[in-house]
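Here is what each chain is made of, one letter per residue.
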Amino acid sequence: MTTKAKLLAVTLDCAEPKKLAEFYHEITGWDVQVAEDEYAAVGDGVRTIYFGRVADREPAPWPGPGKQFHFDFLVPDVERAAEEYEALGATRPGFQPGVTDEGVRWIVLRDPEGHLFCVCPDRS
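Rules and cut-offs
- One numbering rule holds for all chains: residues counted from 1, following each sequence as written.
- Residues qualify for local features only when their pLDDT is at least 70, as the model is predicted, and side-chain atom pairs are given and counted only at 80 or more; totals for whole chains, interfaces and linings, by contrast, use all residues.
- Note that water and hydrogens are dropped before the side-chain values are worked out from all heavy atoms of the structure.
- Working definition: rings of Phe, Tyr and Trp (its six-membered ring) pair if their centres are within 6.5 Å, and the pair is stacked with planes under 30 degrees apart, edge-to-face with planes over 60 apart, and tilted otherwise.
- Accessibility here uses a 1.4 Å probe with only protein chains present; expressed as a share of the type maximum, an area under 20% marks a residue as buried, one over 50% as exposed, and anything in between as partly exposed.
- The numbering of helices and of strands both runs from the N terminus, where a helix is a DSSP run of H or I of at least 4 residues and a strand a run of E of at least 2.
- Under the convention used here, Asp and Glu are negative, Lys and Arg are positive, and both His and the chain ends fall outside the count.
- Each reported salt bridge corresponds to a side-chain nitrogen of Lys or Arg within 4 Å of a carboxyl oxygen of Asp or Glu.
- Definition of a polar contact: a pair of N or O atoms within 3.5 Å, with one able to donate and the other able to accept a hydrogen when the atoms are protein atoms, and with sequence-neighbouring residues admitted only if both atoms are side-chain atoms.
- The contact rule is simple, with two residues in contact once any of their heavy atoms fall within 4.5 Å.
- When DSSP finds at least two bridges between two strands, those strands are taken to pair.
- Comment: axis = line fitted to C-alpha atoms, over the contacting stretch for helices; angle = value between 0 and 180 degrees taken between N-to-C directions.

## Some points on the packing of aromatic side chains
The geometry of an aromatic ring pair is captured by two quantities: the separation of the ring centres and the angle between the planes.
Part 1 of the reasoning: Counting across every chain of the model gives 12 aromatic pairs.
Part 2 of the reasoning: Measuring from centroid to centroid gives 5.7 Å for Phe71 and Phe73, while their planes differ by 40°, and the two rings are tilted. Assigned by exposure class, Phe71 and Phe73 land together as buried.
Part 3 of the reasoning: Relative to Phe117, the ring of Tyr85 lies with its centre 6.3 Å away and its plane at 50°, an arrangement referred to as tilted. Remark: Phe117 occurs in strand S9 (residues 116-121) and Tyr85 occurs in helix H2 (residues 78-87); sequence separation between them is 32 residues. Both residues of the pair, Tyr85 and Phe117, belong to the buried class.
Part 4 of the reasoning: Taken together, the ring pairs in this structure connect Phe23, Tyr24, Phe51, Phe69, Phe71, Phe73, Tyr85 and Phe117 into an aromatic cluster.

## Remarks on the side chain of Glu113
Part 1 of the reasoning: Relative to the helices and strands, Glu113 is located in the loop between strand S8 (107-110) and S9.
Part 2 of the reasoning: We note that Glu113 is buried and unpaired, the nearest opposite charge coming from Arg57 at a distance of 4.8 Å.
Part 3 of the reasoning: There is a polar contact of 2.6 Å between the side chain of Glu113 and the backbone nitrogen of Ala15.
Part 4 of the reasoning: Residue contacts for Glu113: discarding those within four places in its chain leaves Cys14, Ala15, Glu16, Leu20, Arg57 and Pro59.

## Focus: the sheet that holds S8
Part 1 of the reasoning: If you trace the 3 strands from one edge of the open sheet to the other, you get S5-S9-S8, paired in mixed fashion. The open sheet is flanked by strand S5 (71-75) and S8, the only strands paired with a single partner. Each adjacent strand pair in this sheet contributes to an overall mean axis angle of 30°, direction not counted.
Part 2 of the reasoning: In the sheet, S5 pairs with S9 via 5 bridges, with the strands oriented parallel. Paired with Phe73 across the two strands is Val119, which belongs to S9.
Part 3 of the reasoning: Running over the sheet, helix H1 (residues 17-28) touches S5 and S9 and is turned about 35° from S5.

Take a look at the structure:
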């Protein structure tokens, strides 16, 4: 039997860990757990996102094969959340596969350092 692992956290490479932790604190409401020049973290007691300093990190082109992951966040109003996150420093790429003639299913954004994330409707 294979030893089962529990996911502790996800770590993002970035140029400014404290700044990115503050951005994700604002959009998730999670506590800033660590805020140092080389390392920062936000979490809710169960899930944690760490940010490690990599000064010359380059974001992957979107769309393109260089994207390795993205976050999906549930929100009550997709367009309103996207606008608020843009006011915090996110950007909205031109390519939006979740926006169709039938309406908005989700919106793709880039955080202030270029990591992609999707804002999805919470239908619960």
